[in-house]
Amino acid sequence: MILTVTLNPSVDMQYQLSALQVNDVNRAAHVSKTAGGKGLNVTRVIDQLQEQVTATGFLGGRLGEFIVDELSHQQIAHDFVSIQGETRNCIAVLHDGKQTEILENGPIITKGESEQFLQKLQNLLGKVTRLTISGSLPKGLTVSFYQQIISLANQQKVPVFLDTKASLLMEIVKGDAKPYLIKPNQQEFAEAMEMTSNSVEAIVDILSHRTLLSDIPWVVVTLGKDGAVIKHEAVIYRASIPNIHAKNPVGSGDSVLAGFAVGHQRQLSAVELIQFGLTMGVLNALQAQTGQIDPEAIPDYLSQIHVRKLLK
Ligand code: ATP
C-alpha cells in the first residue's frame, strides 16, 4: 500500500468564466468543488492506477468533513488527524485561457496535533511500502516536521517520494534525512539550488555535479510540455514527451509523483519508470479535472515518451 501525506489539504473550488471582469460581478456557469491539495491529487491518481492507497494528514471543520465524505464516496482509504482549526478553501478561476487562484493559508496546527500525527504515522508505516509527501506545510509546523516524517520512513525502510516548494526542498536536501525521490519543476529546482539560470543545460550541470544531490537516488526535474531531466543514481536522462492539446496541466506534477510511486511499487526498470511517471503527467494534462487520468490511454502515450541517457 502507498501512503500519501497531505498536511494542508483544501476544498478546491473551480469557476469557469468566459472572461474575468475585475471590479464587477462575474457569473460562473460551471463550478466544481473537489477534495484538493497536491497530496490528494496524488492519491486519486494512485487510486485510478488501481494500487492500494491511504491518504493521511490534518483535517478540521466542515470542509474537513467534505473531504472525508469525498474520499469515502470514491472508496479511497483515509486516516487523517482531526484538528481544531478549519480546513481551507482554495479558489481557481479559469478565464480567457488563463487561471487566477486565491489560496487560503489554512489552519494552524498545534503541538498536540503534530505529535498525534507522528504517532499515527509510526503505526501506518508498518503497513505501507511507499510514502509520498506533497505540498507546503500548514502554519504551526516548520521544515523539521517534514524531516521527522522522512526520518521515520527511512527507519522503517519505506522510500519517500517528495514534491514540495523550493524553500522547503532546499532545507530537506541539505538535511540528514534524505528522501528517495524528489520532483521539483524547473523553476522550483532552480530556486532550491540557488541557480542564476533555469536553462536545461544549467539543470543538467547541477544534476551531474552537485554532491548535495548524490545521496538522493532519484531527482526528477519536470519541464512542463518539454518533458523532464532526471538523475537516477549517477546517470542523467533527458525525457521528451509528445505534443498534445493540453486541457488543464494543473496537477500534472502531482500525477508524475503518483506515477513514480506506483511504477516503483511495480518494480519497473529505470527507463520504464521514467516513461510511466511522465505518462501520468501527460494524461493529467489531457483532462479538464485536476489530478485525473484515463488509465486506458496509458499504452498509447507510454510508447511516445522518449528517454535518452546524457553523456557527462
Ligand atoms: P503541478 O504543480 O501543477 O502539479 P508541476 O509544475 O509540478 O505541476 P510540470 O513540470 O508542469 O509539473 O509537469 C509535469 C509533467 O506533466 C511534465 O513532465 C509532462 O510529463 C506533463 N505535462 C505538463 N504539462 C504538459 C503539457 N502542456 N503537455 C504535455 N504534458 C505536460
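Residues numbered from 1 in each chain as written. Predicted model: local features only at pLDDT ≥ 70, side-chain atom pairs only at ≥ 80, totals over all residues. Heavy atoms only, no water.

Taken N-terminus to C-terminus, the directions of helix 8 (residues 252–265) and helix 9 (residues 270–285) make an angle of 145°; their axes are 7 Å apart at the nearest point. Here the hand of the crossing between helix 8 and helix 9 comes out right-handed. Of helix 9, the residues touching helix 8 (which contributes Ser 252, Ser 255, Val 256, Gly 259, Phe 260, Val 262, Gly 263 and His 264) are Leu 273, Ile 274, Phe 276, Gly 277, Leu 278, Met 280, Gly 281, Asn 284 and Ala 285. Partitioning the contact of helix 8 with helix 9 into residue classes produces nine nonpolar, eight polar and no charged. (Axes fitted to C-alpha atoms, helices over the stretch in contact; angles between N-to-C directions. Helix = DSSP H or I, 4+ residues; strand = E, 2+ residues; numbered from the N terminus. Left-handed = near helix turned anticlockwise from the far one by under 90°. Contact = heavy atoms within 4.5 Å. Nonpolar A, V, L, I, M, F, W, Y, C, P; charged D, E, K, R; others polar.)

Further remarks concern the sheet that holds strand 7 (residues 88–95). Ordered in space as 3-2-7-8, the four strands form an open sheet in which the pairing is mixed. Every other strand in the sheet has two partners, leaving strand 3 (30–36) and strand 8 (98–103) as the edge strands with one partner each. The sheet shows a mean angle of 20° between the axes of neighbouring strands, direction not considered. As judged from the seven bridges shared by strand 2 (residues 10–16) and strand 7, these two strands associate in the parallel manner. (Pairing = 2+ DSSP bridges.)

What follows is about the site of the ligand. In the region of the ligand, 21 residues are neighbours, and Asn 185, Thr 222, Gly 224, Gly 251 and Gly 253 sit closest. Within the backbone of Gly 224, an N or O atom sits 2.9 Å from an oxygen atom of the ligand. Taken by itself the ligand offers 630 Å² of open surface, and the protein chains cover 86% of this. Secondary structure elements with two or more residues in the shell around the ligand: helix 8 and helix 9. (Near = heavy atom within 4 Å. Polar contact = N/O pair within 3.5 Å; in protein donor to acceptor, adjacent residues only side chain to side chain. Areas by Shrake-Rupley, 256 points an atom, 1.4 Å probe, with all protein chains shown as cover.)

Notably, Gln 50 is not glycine yet its phi reads approximately 60°, a positive angle. Looking at the secondary structure, you find Gln 50 in the loop between helix 1 (38–48) and strand 4 (53–59). Despite not being glycine, Glu 233 shows a phi value in the positive range, around 50°. Mapping Glu 233 onto the fold places it in the loop between strand 13 (228–232) and strand 14 (235–240). For Glu 233, a relative accessible area of 47% translates into the label partly exposed. (Buried < 20%, exposed > 50% of the residue type's maximum accessible area, 1.4 Å probe, protein only.)

On to the packing of aromatic side chains. As enumerated under the stated definition, the model contains five aromatic pairs in all. Consider the rings of Phe 58 and Phe 117, whose centres lie 5.3 Å apart with planes at 45°: the pair is tilted. Of the two residues, Phe 58 sits in strand 4 while Phe 117 sits in helix 3 (residues 111–125), which places them 59 residues apart along the sequence. Judged by its relative accessible area of 1%, Phe 58 falls in the buried class. With relative accessibility at 1%, the residue Phe 117 sits in the buried group. Both rings, one in Phe 117 and one in Phe 145, keep their centres 5.7 Å apart while their planes meet at 45°; by these two values the pair is tilted. With Phe 117 in helix 3 and Phe 145 in helix 4 (residues 143–155), the pair connects residues that are 28 residues apart, well separated along the chain. In this pair, the class of Phe 117 matches that of Phe 145, namely buried. Counting every residue linked through ring pairs, the aromatic cluster contains Phe 58, Phe 117 and Phe 145. Over the ring of Phe 66 we find Lys 33, and its NZ or CZ is 4.7 Å from the ring centre. (Phe/Tyr/Trp six-rings, centres within 6.5 Å; stacked < 30°, edge-to-face > 60°. Lys NZ or Arg CZ within 6 Å of the ring centre and 35° of its normal.)

These figures capture arrangement, not role.
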